[in-house]
Each structure stands twice: as C-alpha cells, then as structure tokens.
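The residues making up each chain are set out below.
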2 protein chains.
Amino acid sequence: MHLFYTPDIQPTNPQYFLSEEESKHAIRVLRLNIGDEVQLIDGRGGLYGAEIKVAHPKRTILQINSVISEFNKRNHYLHIAIAPTKNMERLEWFLEKATEIGIDEISLIICQRSERKEVKTDRSNKIITAAIKQSLKAYHPVLNEPEPLAKILAREWDGQKFIAHCEPGEKINLKDGITPGGKYLILIGPEGDFTPKEIEDALSNDYKAITLGESRLRTETAALEACFEINFLNR
Amino acid sequence: MHLFYTPDIQPTNPQYFLSEEESKHAIRVLRLNIGDEVQLIDGRGGLYGAEIKVAHPKRTILQINSVISEFNKRNHYLHIAIAPTKNMERLEWFLEKATEIGIDEISLIICQRSERKEVKTDRSNKIITAAIKQSLKAYHPVLNEPEPLAKILAREWDGQKFIAHCEPGEKINLKDGITPGGKYLILIGPEGDFTPKEIEDALSNDYKAITLGESRLRTETAALEACFEINFLNR
C-alpha cells in the first residue's frame, strides 16, 4: 500500500487534502483512484489509514478511516552528533541507514579537523523522509543544523553522553555503559578524528569515552555502528 | 603510513617489487622516497613493515623489515549470501561496510525474485580491497561469483546456517541462536524477499529462520545488520 508523509495532519482530521505535488504523484504517477487505500504518517508517531475520495491531480481528497498513535514507539532515545563527512554521499548513507535501523535525533557538529563545515539539511531531510516511508516509520528523526562541537558540549542533556574516538585512553563498550531504555547522546568525529583537546573538553563535560570495536571505521561507519549497538542493546 | 595490498608476497621474501601501477602511485602520486616506511598486507593475514630501497616510478623496490602473520585474526567465520540489489551502489555499499566491520566470505545468490542476476565481481573486489586498506585488515574477504540459491542450499557447510526473511513463521534472534566463535552462513534475500518455497527449501536444509529486529530493512541494510550482530556477539 502506498505511504504518504503528511506532517501537517492532525489525529482529529476526518479527511486530508494531499498537496498539489503529492496529488499529482498519487493520480498521475501511481494512478491511484477513488476507493484506493493509502497510509499516511505524520512523523510524530501517527499512522493513518485512508482512502481516496476525490482523485484530483492537483487536489486529491482522502478520507481518514483509522488512526494509530505512537506507532512502533521506540523504547529509548538516540541522538547521534556526527561530524559531516567530506563526501556528502557518505553522510547521506548514514542518514538513510540510521533512519532504517532507528534513530531519534541527528546533530551535525563542526570540529577542528572537519573538512566539511556546511550541509544542505533540506536535501538531507528529504533522504530521511524517504527512508521513514521505505521502512514504515511513523516518527521522523530530527536533523539539526550544523553547529560547532562546543555548542553541543555545552548543551544540557538529561541522559547519558558518550564520545567515540581513536586516541589512546580509557574506553568502555556501550554494552557495559548504557542504561537500557535511556537517552543517549553519542559524538562521532570527523575523518581526522577529534583533537586531544576536543576529547578532553568532552570528558570534562561528563562524556564517557567509548570504543566501537577493534576495527578502524570510517566516520559514517562508526556512527552507524553506534546506532546498531544502541538499538541492539535496547531490543 | 601508506598501505599496499600485495597478495603475491610471501612471508620469506626479503624484498618486494611493487607493480608498475603501484610504483607509479607510490613515487609520482604519494611522492614516497628512499627510506620511507610503508606497510603491506597480503590478504591472508600477513602484515608487513617495509621501507623503500629503490624509488623507481615503474619498479620500486621495498625491503621487508618485519612480518606479522595472522594480524587481527578473527575469532569466528562469517559468510553472508546476499541477493544482489537492483541498484549496484547498494550492494557495493554493503561490501565496503561489511569489510570494515568484519566479514570473511560473501556469496551472491540469484533468487526467484532477484531483479539483478549479474554482478561485475572484479569491480566489487576492488571495493573490498580499498576497504581492507582503509580499515587496515590483513585478511581479504572472499567474494564468490553469483550462483543460484539452490546451489548454496545444497552446499556442505560445517557451521550454523540461518535465513533472514520477512514472511510469517517462527524466528529466533541471532543472539539466542549462535555459538560464539563459530562458523555462520546467513542468507539475505532480494528486494521482494525470498519466496515461501525458497524459505521452505532453506528450512528443510537445516537453515534456521532469524529476525533482525522490528524494522523493515532494505536488503543491504539487513545484510549489514546481520554482519554487525555476528561481530558484536563475538566481541
């Protein structure tokens, strides 16, 4: 069944008007017709069952037949703060895969060794939206605008905080460090890793240093590994 | 330090001649010179320390100073048999990431619902080679030529066998099903999943059905999830 992302829908709406773009897609491309059933997700946990009442290529009207709230609500909250990769494709792969596997919030941190300091988050958000539709997720992960690492470090966070880095020093495994069902903020550095000073600043801000295993991982692979581990440990 | 993949080197070699292509890369691109140290991996567990004796753009000669065998030898054997994705980039992404995280053998299986039945494994192998160099792995994962699912099912396998599918039926989690330090063969189906008949054939060949979590995953994401779980559970 076809799925539409409709962030502006409300659980009380008896019907919903597809945007001009979505209407055109539904009628001209998908060739949907009156009576065809579709699903809507609002990105805030709402999954709607609907059927086409008016099949108009500019203004398709859907009748809402069912509403499920908190659909597949996650039992924990994962926030990964990653330094954007030099090659945008790698960051975009991470966004797609992390969305499929399960993530709640992504921050883009600019570090001293970051080669990329800017990201077109509108394009990145489109990738996340496509991934929630593909993997049938009712919650849309939040993608924050790029910001300096220092701003993240200074932020209040009522959960556990971790930093993954490759410098020497005492490190723990996530499986030994996390409280299941908790809130986690994990920092992943740029291609050149965090600087010793950045690591020191994180540790002095109550971040715990973690290892993601013995392999030398690329930035986006390390971030996905952390995402895998948190989801796996909370299964 | 720069790393070269030299599958033809032997642990007893006192020196090694870089190929014309690698010599050109080393001298013209990397601008390496006499006395510069490099590392070599043979793809069979050998990690060599070497230094440049003759910096020739076509025939660079290296002196081998140290040999480590079974470098970071894995404590288990993971063989993933995946149906090639319609979009080759997705399969290539899996090959790169699985190599970084840890895998020993990859088979490409042609299933009834496979949209792609051919893969240029030479190009795929180049991606694996680049990934072992990037992640400093001394073992080169084996990539097998595409073959029908039936051939894999009929193959002798002195380890555990699993099939990941989305059809209803009894399934276990890998963490409840694997023997640590073992040999694992895991089947991952095409975009349209395995057919009920294919699943039945696998089960009757002693494959155990597994779940990779609640998320609806793309083929390459499911394969990477399995790769991650096996490595994580054997850490």
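Model, not experiment: these values are computed from the prediction.

1. Structural notes on the overall build of chain A
Along chain A, the regular secondary structure elements total seven helices and 13 strands. Reported as C-alpha extents along the three principal axes, the dimensions of chain A are approximately 65 × 35 × 30 Å. When burial is assessed residue by residue, chain A has 54% of its 235 residues classed as buried. A fraction of 75% describes how many contacts in chain A between residues 6 or more apart in sequence connect residues 24 or more apart. When the accessible surface of chain A is summed, it comes to about 10900 Å², and 49% of that surface belongs to carbon and sulfur atoms. Counting 31 positive and 35 negative side-chain charges, chain A places the averaged centre of each group 4 Å from the other.

2. Examining the packing of helix H2 (residues 88-101) of chain A against helix H7 (residues 219-233) of chain B
The geometry of H2(A) relative to H7(B) is characterised by a closest axis approach of 11 Å and an angle of 75° between their N-to-C directions. Considered as vectors, H2(A) and H7(B) are oriented roughly perpendicular to each other. In this structure, H2(A) contributes Trp93(A), Glu96(A), Lys97(A), Glu100(A) and Ile101(A) to the contact, and H7(B) contributes Glu220(B), Thr221(B) and Glu225(B). Class assignment for the residues of the contact of H2(A) with H7(B) results in two nonpolar, one polar and five charged.

3. Thoughts on the sheet that holds strand S1 (residues 3-5) of chain B
All names here are of chain B. Pairing is mixed in the open sheet, where five strands are placed in the order S1-S3-S4-S5-S2. Looking at strand neighbours, the two that pair on one side only are S1 and strand S2 (15-17), the edges of this open sheet. If you compare each strand with its neighbour and ignore which way they point, the axes differ by 40° on average. As paired strands, S1 and strand S3 (residues 37-41) are joined by three bridges and run parallel to one another. Within S3, the residue paired with Phe4 across the bridge is Leu40. Helix H3 (residues 121-134) rests against S1 and S3 of the sheet, and its axis sits at about 145° to S1.

4. Description of helix H3 (residues 121-134) of chain A
Residue and element names in this part refer to chain A. In a regular helix each residue adds 1.5 Å, so 14 residues correspond to 20 Å; H3 covers 20 Å between its end C-alpha atoms and thus fits that length. Within the span of H3, buried status applies to Thr121, Ser124, Ile127, Ile128, Thr129, Ala131 and Ile132. In this structure, the buried residues of H3 make contact with strand S1 (2-5), strand S3 (37-41), H2, strand S7 (105-110) and strand S8 (142-143). After H3 finishes, the residue Leu136 shows a positive phi value of roughly 50°.

5. Notes on the pairing of strand S12 (residues 183-188) of chain A
Residue and element names in this part refer to chain A. A large share of S12 lies buried, amounting to five of its six residues. Here strand S6 (residues 77-82) runs beside S12; their pairing, made up of six bridges, is parallel. Across the sheet, residue Ile82 finds its bridge partner in S12, namely Ile188. Bridge count between strand S10 (residues 160-164) and S12: five bridges; the pairing is parallel.

6. Here's the deal with the relation of the copies chain B and chain A
Screw-axis analysis of chain B against chain A gives a translation of 0.1 Å along the axis, an RMSD of 0.1 Å, and a rotation angle of 180°. In short, the pair behaves as if placed about a two-fold rotation axis. Relative to the rotation axis, the C-alpha of Phe228(B) is the closest in chain B, positioned 3.8 Å from it. Most of the interface of chain B is mirrored in chain A, where 97% of its interface residues are also at the interface.

7. Some details on the environment of Lys161(B)
Residues and elements named next belong to chain B. Mapping Lys161 onto the fold places it in strand S10 (residues 160-164). Residue Lys161 is classed as buried on the basis of its relative accessible area of 12%. Distance in space between the C-alpha atoms of Lys161 and Leu187 is 8.1 Å, their sequence separation being 26 residues.

8. Points about the domain arrangement of chain A
Residues and elements named next belong to chain A. Assigned domains of chain A: these are domain 1 (3-68) and domain 2 (77-233). Of the residues lining the interface, eleven residues belong to domain 1; the matching set on domain 2 comes to eight residues. The junction of domain 1 with domain 2 conceals about 740 Å² of combined surface from both sides, 69% of it contributed by carbon and sulfur atoms. Taken as a group, Leu3, Tyr5 and Ile41 account for 56% of the area that domain 1 buries against domain 2, more than any other trio of residues on that side.

9. Quick notes on the nonpolar core
The biggest cluster of nonpolar side chains holds 68 residues, and the ones touching the most others in it are Ile80(A), Phe94(A), Ile80(B) and Phe94(B). Not counting residues up to four positions away in its chain, the partners in contact with Ile80(B) are Phe94(B), Ile103(B), Glu105(B), Ile106(B), Ser107(B), Ile186(B), Ile188(B), Ala223(B), Ala226(B) and Cys227(B).

10. Focus on the side chain of Asn231(B)
Tracing the backbone shows Asn231(B) in helix H7. Excluding anything up to four places from it in sequence, Asn231(B) contacts Arg74(B), His76(B), Leu78(B), Ile101(B) and Gly102(B).

11. What about the pairing of strand S5 (residues 61-68) of chain A?
All names here are of chain A. Pairing analysis gives three bridges linking strand S2 (residues 15-17) to S5, with the strands arranged antiparallel. Looking across to S5, one finds that Gln15 is bridged to Gln63. With seven bridges joining them, strand S4 (residues 47-54) and S5 adopt antiparallel strand pairing. Bridging across to S5, Gly49 finds its partner in Ser66. Between S4 and S5, which pair antiparallel and follow one another directly, the connecting turn spans six residues.

12. Things to note about the packing of aromatic side chains
Tallying each qualifying case throughout the model produces seven aromatic pairs over all chains. Look at Phe232(A) and Phe232(B): their rings are 5.6 Å apart centre to centre, the planes differ by 75°, and that puts the pair in the edge-to-face class. Remark: Phe232(B) occurs in helix H7 and Phe232(A) occurs in helix H7 (residues 219-233); the pair is interchain, linking two chains. Its relative accessible area of 7% is what places Phe232(A) among the buried residues. Judged by centre distance (6.2 Å) and plane angle (45°), the rings of Tyr77(B) and Trp157(B) are tilted.

About the thresholds
Residues numbered from 1 in each chain as written. Chains lettered and ligands numbered in written order. Predicted model: local features only at pLDDT ≥ 70, side-chain atom pairs only at ≥ 80, totals over all residues. Heavy atoms only, no water. Helix = DSSP H or I, 4+ residues; strand = E, 2+ residues; numbered from the N terminus. Buried < 20%, exposed > 50% of the residue type's maximum accessible area, 1.4 Å probe, protein only. Contact = heavy atoms within 4.5 Å. Areas by Shrake-Rupley, 256 points an atom, 1.4 Å probe, with all protein chains shown as cover. Lys, Arg positive; Asp, Glu negative; His and termini not counted. Charge placed at Lys NZ, Arg CZ, Asp CG, Glu CD. Axes fitted to C-alpha atoms, helices over the stretch in contact; angles between N-to-C directions. Parallel < 35°, antiparallel > 145°, perpendicular 65-115°, else oblique. Nonpolar A, V, L, I, M, F, W, Y, C, P; charged D, E, K, R; others polar. Pairing = 2+ DSSP bridges. Expected span 1.5 Å × (residues − 1). Least-squares fit on C-alpha atoms with pLDDT ≥ 70 in both. Domains from an automatic or database assignment. Buried area = accessible area lost by both parts, 1.4 Å probe. Core = buried A, V, L, I, M, F, W, Y, C linked by side-chain atoms within 4.5 Å. Phe/Tyr/Trp six-rings, centres within 6.5 Å; stacked < 30°, edge-to-face > 60°.

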